[in-house]
Amino acid sequence: MPSYILGGEYFDYFQLEDSRLGIAIGDVSGKGVGAAIYMTLTKSYMVTQAAHTADPARVLSRVNDHLRRNLARGNFVTMAYAIVDVAERRIDYARAGHNPPLLIRADGDGDFLNAPGVTLGAVASSTLDTIMRVETVETRIGDLLLLYTDGVTEAMNVRGDEYGDDRLIALARAMARTPATARDVVDALLKDVRSFAGRAQQHDDITVVAVRFL
């Protein structure tokens, strides 16, 4: 849901070998045409690197190499990239300054996935590699994985209050306790954000990706 005609947010899926699926979500600094162009570049880099590298942190490091050569000074990209192994029920993920993914169990327990990392394009990959690391999380039937951009948690109402992490967690926990599909979760979250914002103007793009483990 772009706040301008052209948005700078990005998500993608990559069918990998065996039973693995790559899921990426990102946010380019700025808005409008410039952000959309950088988003397109980021997408092309991710497509190439995800096809050849099974390590999420290595994928982001190589994308960082490309962005360092092509982003204008002061621009950057935040991103989270997860590889979901359906057969092994495992998530391997890395995070480059992006909002932490949210993993909620079917019983409502769970929390944010806070692997360390810095934004892409901001530092050399040699520095990035010393900070970023891959974390692994085991999943169970009924678990809910939610990836989103800051347009969700920073959405404001007419009083200037933000939607915030607590409200996001509360909604995710409520949905995880039901048989809701990933599509149901996305629809419910977007509806809740709109309801919270009311008549306030949307000031940032909103992107949401949900995964329900069956």
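See the structure printed just above.
Residues numbered from 1 in each chain as written. Predicted model: local features only at pLDDT ≥ 70, side-chain atom pairs only at ≥ 80, totals over all residues. Heavy atoms only, no water.

Asker: Please explain the overall build of the chain as it appears in this structure.
Answerer: Secondary structure summary: the chain contains six helices and nine strands in total. Over its C-alpha atoms the chain spans a radius of gyration of 17 Å, differing by no more than 12% from the 17 Å that the globule rule assigns to 214 residues. With the C-alpha coordinates of the chain rotated into their principal frame, the extents come out at 45 × 40 × 25 Å. Out of the 214 residues in the chain, the part that is buried amounts to 52%. Long-range contacts, defined here as pairs at least 24 residues apart, represent 69% of the contacts in the chain between residues at least 6 apart. (Helix = DSSP H or I, 4+ residues; strand = E, 2+ residues; numbered from the N terminus. Rg over C-alpha atoms; globule rule 2.2 N^0.38 Å. Buried < 20%, exposed > 50% of the residue type's maximum accessible area, 1.4 Å probe, protein only. Contact = heavy atoms within 4.5 Å.)

Asker: Which parts of the structure should I look at to understand the sheet that holds strand β7 (residues 135-138)?
Answerer: The strands making up a sheet associate through backbone hydrogen bonding, with each pair oriented either parallel or antiparallel. Here five strands make up an open sheet; going across it, the order is β1-β2-β3-β4-β7 and the pairing antiparallel. With one partner strand each, in any of the chains shown, β1 (9-15) and β7 form the two edges of the open sheet. Within the sheet, the average angular offset between the axes of one strand and its neighbour, ignoring direction, is 15 degrees. Note: β1 against strand β2 (residues 20-28), seven bridges, orientation antiparallel. Residue Tyr10 lies in a different strand from β2, and its bridge partner there is Gly26. (Pairing = 2+ DSSP bridges. Axes fitted to C-alpha atoms, helices over the stretch in contact; angles between N-to-C directions.)

Asker: Looking at this structure, how should I read the packing of aromatic side chains?
Answerer: When we look at a pair of aromatic rings, we describe it by the centre distance and by the angle of the planes. Tallying each qualifying case throughout the model produces three aromatic pairs. Relative to Tyr13, the ring of Phe11 lies with its centre 6.0 Å away and its plane at 80 degrees, an arrangement referred to as edge-to-face. A relative accessible area of 42% means that Phe11 is categorised as partly exposed. Taking the centre distance of 6.0 Å and the plane angle of 75 degrees together, the rings of Phe14 and Tyr81 count as edge-to-face. Linking Phe14 in strand β1 with Tyr81 in strand β3 (residues 77-85), this pair joins segments that are 67 residues apart in sequence. By relative accessible area, Tyr81 is classed as buried at 1%. (Phe/Tyr/Trp six-rings, centres within 6.5 Å; stacked < 30°, edge-to-face > 60°.)

Asker: Is there a simple way to explain unusual backbone geometry in this structure?
Answerer: Glycine aside, the phi torsion of most residues is negative, and most peptide linkages are trans. One non-glycine residue, Asp18, lies in the positive phi region at around 60 degrees. With a relative accessible area of 73%, Asp18 lands in the exposed category. A positive phi angle, close to 55 degrees, is found at Arg89, a residue other than glycine.

Asker: Even after reading the chapter, I still don't get the nonpolar core, so can you show me in this structure?
Answerer: Most often, soluble globular proteins have nonpolar side chains that are buried together. Residues Phe14, Met46, Leu60, Tyr81 and Leu120 are the most contacted members of the largest nonpolar core, which totals 26 residues. Only β1, β2, α1 (32-52), α2 (56-70), β3 and β4 (90-96) provide two or more residues apiece to this core. Among the elements that take part in this core, α1 stands out by supplying six residues, more than any other. (Core = buried A, V, L, I, M, F, W, Y, C linked by side-chain atoms within 4.5 Å.)

Asker: Honestly, the pairing of strand β9 (residues 208-212) in this entry has me stumped. Any pointers?
Answerer: In summary, the side chains of a regular strand alternate between the two faces of the sheet. Within β9, five of the five residues are buried, leaving the element largely enclosed by the surrounding structure. Every second residue of β9 is oriented toward a common face, with Val208, Ala210 and Arg212 on one face and Val209 and Val211 on the other, all of them buried. Strand direction decides the pairing type here: strand β8 (residues 144-148) and β9, joined by five bridges, are antiparallel. Following the sheet pairing, Leu145 is matched in β9 by Val211.

Asker: Just checking my understanding: could you explain the sheet that holds β8 for this structure?
Answerer: What the four strands build is an open sheet, ordered β6-β5-β8-β9; its pairing is antiparallel. Either end of the sheet is taken by a strand with one partner, and the two such strands are β6 (110-112) and β9. Put simply, the sheet's adjacent strands are angled 10 degrees from each other on average, direction ignored. In this fold helix α5 (residues 164-176) packs onto β5 (102-104), β6, β8 and β9, with an angle of close to 35 degrees to the strand it touches most, β5. With respect to the sheet, helix α6 (residues 182-197) is in contact with β8 and β9, its orientation differing from that of β9 by roughly 145 degrees.

Asker: What should I look at first to understand the pattern of salt bridges in this one?
Answerer: Two side chains with opposite charge may pair up if their charged atoms get near one another. Going through the model one piece at a time under the given rule, you end up with eight salt bridges. For Asp92, the salt bridge identified is with Arg90, shortest N-O distance 3.2 Å. Looking at Asp92, the relative accessible area reads 16%, which means it is buried. The class for Arg90 is partly exposed, based on a relative accessible area of 23%. For Arg183, the salt bridge is made with Asp187, and the minimal N-O distance between the two is 2.9 Å. One end of the pair is Arg183 and the other is Asp187, both in helix α6 and four residues apart, which spans about a single turn. What you see here is one network of salt bridges that share partners, running through Asp85, Arg90 and Asp92. (Salt bridge = Lys/Arg side-chain N within 4 Å of Asp/Glu carboxyl O.)

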